[in-house]
Amino acid sequence: MFIRRIAVVGTGYVGLTTGACLASLGHRVVCADVDPDKIARLSRGEVDILEPRLAELVAEGLAAGRLSFVLGAKAAVVPADADSAAEIVFLCVPTPMGVGGVADLGSVEAVLAEITDVLAPDTVVVNKSTVPVGTADRTLELLGREDVAVVSNPEFLREGSAVEDFLKPDRIVVGSRSQDAAERVAALYSRLGAPTVLTDAASAELVKYSANCFLAMKLSYVNAMAELCERLGADIGDVTEGMGYDRRIGQSYLKPGPGWGGSCLPKDTRAMLQIADSADFEFRLLRAAIDTNERQRQRIVDKVRQAVTGRRSGTLSHARLGLLGLTFKAHTDDLRDSPALAVAAMLRQDGAELVAYDPALSADTAHPGLESISVVEDPELAAKDVDALVVLTEWPQFRSLDWPRLAELTRQPVVVDTRNLIDPDVLARAGFRWDGLGRG
Ligand code: UDX
């Protein structure tokens, strides 16, 4: 295997994981960010993202001298202490949702303007961020360099298992107009032994959107089926298990919940609608999946209201609710676009007083939406004097809480489990009245 000199621009989830993992595969990697404090912390091996094995790989890379952190993209492309410039430059900067759901490429453009003059001939610039179809061509235009190639290499990692997903990928997708550049990027991953799709840039860019939108549709389908199960007296767990044994469907991504969220699915589904719109295609199937997801939050609020007041409409004023979990899923401290926070905001709007416990958060965690929630660091404090406990994130440790003790602490022993996480028998034995999703 060739050992390559690689620059990674951006040290968020995707950038830091890419940098640390490529270094662990033997490459020499310099990662850049615009935040000097972050660079100082990372250079000392301090990783502030909660991600299994990431800190370990960063420490190993630093100790082996294969991984370093610098301020600014230019310094990563032409490191002061290296004898040659980067051969491959990964762009892993944020592409937030801009006006009307179009991905905002401001950070990508700023980086390109900074590095174009210092790229060595034959450098390959790789887009790893999720970018609109056509960005590879636009990147080439912005670079204005005939001797540099651009490759699209979407990243499929999930938060909470980013390192595992990177090192054991289901597939590698690489797209470019330059076959040689695409093969050079694919070769970086050759040790991983994953199926590799070599294609044109537009197809590679579309794979990421297409996969995430498909997953979102799968989840909206399951949440809709859960509602139908309730009406028909069926059990969603048994229905999805029965469906999932069909190898064409598979068991994963079939759990109902308070709706899908996080930093990717909501953003990518909206962006895909825009992409379709600009191609004059009305993507009704996807639109319905997004609508179902919005409705899911209201459905959870209605369930809580029903459980607390006995009515599906009306107000929740005077109700005190204990929320278990606020992150968008378990094993992460990420609150971006968390369905739990969206549900919390709606409950608050209906007049409820909210207290919440999440194993990844502390009383002084700051995030938009947390101001109106009292975050406590002990689940018993979240149960004290509440009219209902609402399970919003599927943290496995919630299963083994002392449920009889929690029941004693509540004002009325009611649980609304939006993840079908807790064994109903455990709840019943502890004295709780219980509601979940799709358990007719
Ligand atoms: C997702 C994609 O999975 C990943 O491939 C892509 O690179 C980035 O976006 P991530 O945002 O980390 O990853 O979250 P994911 O694990 O996919 O979960 C997304 C949402 O779906 C969460 O809100 C989660 O709670 C929900 N979900 C997931 C369910 O409600 N039920 C399930 O069965 C699975």
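Here is what the cut-offs are and how they apply
Residues numbered from 1 in each chain as written. Predicted model: local features only at pLDDT ≥ 70, side-chain atom pairs only at ≥ 80, totals over all residues. Heavy atoms only, no water. Core = buried A, V, L, I, M, F, W, Y, C linked by side-chain atoms within 4.5 Å. Buried < 20%, exposed > 50% of the residue type's maximum accessible area, 1.4 Å probe, protein only. Helix = DSSP H or I, 4+ residues; strand = E, 2+ residues; numbered from the N terminus. Contact = heavy atoms within 4.5 Å. Near = heavy atom within 4 Å. Polar contact = N/O pair within 3.5 Å; in protein donor to acceptor, adjacent residues only side chain to side chain. Areas by Shrake-Rupley, 256 points an atom, 1.4 Å probe, with all protein chains shown as cover. Domains from an automatic or database assignment. Salt bridge = Lys/Arg side-chain N within 4 Å of Asp/Glu carboxyl O. Nonpolar A, V, L, I, M, F, W, Y, C, P; charged D, E, K, R; others polar. Axes fitted to C-alpha atoms, helices over the stretch in contact; angles between N-to-C directions. Left-handed = near helix turned anticlockwise from the far one by under 90°. Expected span 1.5 Å × (residues − 1). Pairing = 2+ DSSP bridges. Disulfide = S-S within 2.5 Å.

Ranked by internal contacts, the top residues of the largest apolar core, which has 40 residues, are Leu22, Phe90 and Tyr189. Sorting elements by how many residues they give to this core places helix H1 (residues 13-24) first, with 6 residues. Those residues in contact with phenylalanine 90 that sit more than four places away from it in its chain are Ile6, Ala7, Val8, Val9, Thr18, Leu22, Val126, Lys128, Asn153, Leu188 and Tyr189. Grouped together as the second largest cluster of nonpolar side chains are 29 residues, Leu323, Leu361, Val375 and Leu437 included.

Let us look at the site of the ligand. In the vicinity of the ligand, 18 residues are found, and the nearest of them are Phe156, Leu157, Glu159, Tyr253 and Arg419. In the environment of the ligand, an oxygen atom lies 2.8 Å from a nitrogen or oxygen atom belonging to the side chain of lysine 329. Residue arginine 419 places a side-chain N or O atom 2.8 Å away from an oxygen atom belonging to the ligand. Here the ligand loses 91% of its free accessible area of 670 Å² to cover by the protein chains. No other element matches helix H9 (residues 201-232), which puts 3 residues into the shell around the ligand. Each of two domains, domain 1 (5-199) and domain 2 (296-435), supplies a minimum of three residues to the shell around the ligand.

The next point concerns the domain arrangement of the protein chain. In terms of domain boundaries, the protein chain breaks down into domain 1 (5-199) and domain 2 (296-435). The C-alpha centroid of domain 2 is placed 38 Å from the C-alpha centroid of domain 1. There are 1 salt bridge connecting domain 1 and domain 2. The interface formed by domain 1 and domain 2 holds 4 residue pairs in polar contact (both at pLDDT 80 or more) in total. A class-by-class count of the residues in the side of domain 1 that touches domain 2 yields 2 nonpolar, 1 polar and 3 charged.

Counting across every chain of the model gives 30 salt bridges. For glutamate 282, the salt bridge goes to arginine 284, with nearest N and O atoms at 3.5 Å. Considered together, glutamate 282 and arginine 284 belong to a single accessibility category, that of exposed residues. A salt bridge links aspartate 387 to arginine 411; the nearest nitrogen and oxygen atoms lie 3.6 Å apart. Of the two residues, aspartate 387 is situated in the loop between helix H14 (379-383) and strand E12 (388-391) and arginine 411 in the loop between helix H15 (403-409) and strand E13 (414-417); the sequence distance between them amounts to 24 residues. What you see here is one network of salt bridges that share partners, running through Glu227, Glu230, Arg231, Arg295, Arg299, Lys303 and Asp435.

A few words now on the packing of helix H11 (residues 265-278) against helix H12 (residues 284-309). Orientation of H11 relative to H12, taken along the N-to-C sense of each, is 145°, at an axis distance of 10 Å. As for how H11 packs across H12, the hand of that crossing is left-handed. Across from Thr269, Arg270, Met272 and Leu273 in H11, the residues of H12 making contact are Leu286, Arg287, Ile290 and Glu294.

Turning our eyes to something else, we now look at the side chain of asparagine 293. Note on placement: asparagine 293 falls in helix H12. Take asparagine 293: its relative accessible area is 4%, and that puts it in the buried class. When sequence neighbours within four positions are dropped, the list of residues in contact with asparagine 293 reads Ser220, Gly259 and Trp260.

With 26 residues, H12 should cover 38 Å at 1.5 Å per step; its first-to-last C-alpha distance of 37 Å lies within 8% of that length. One or two residues past the end of H12 sits glycine 310, with phi positive at roughly 85°.

As a further point, take the sheet that holds E12. On the basis of which strands lie adjacent, the open sheet formed by 6 strands has the order E11-E10-E9-E12-E13-E14 and parallel pairing. The open sheet is flanked by strand E11 (373-376) and strand E14 (433-435), the only strands paired with a single partner. Strand after strand, the sheet turns through a mean of 20° between neighbouring axes, direction not considered. Note: strand E9 (residues 320-324) against E12, 4 bridges, orientation parallel. Across the sheet, the residue bridging to glycine 322 is leucine 389, located in E12.

When the sulfur atoms of two cysteines share a covalent bond, that bond is a disulfide. Per the stated rule, a full pass over the model turns up 0 disulfides. Here cysteine 213 stays free of any disulfide, with the sulfur of cysteine 264 as its closest cysteine sulfur at 11 Å. With relative accessibility at 3%, the residue cysteine 213 sits in the buried group.

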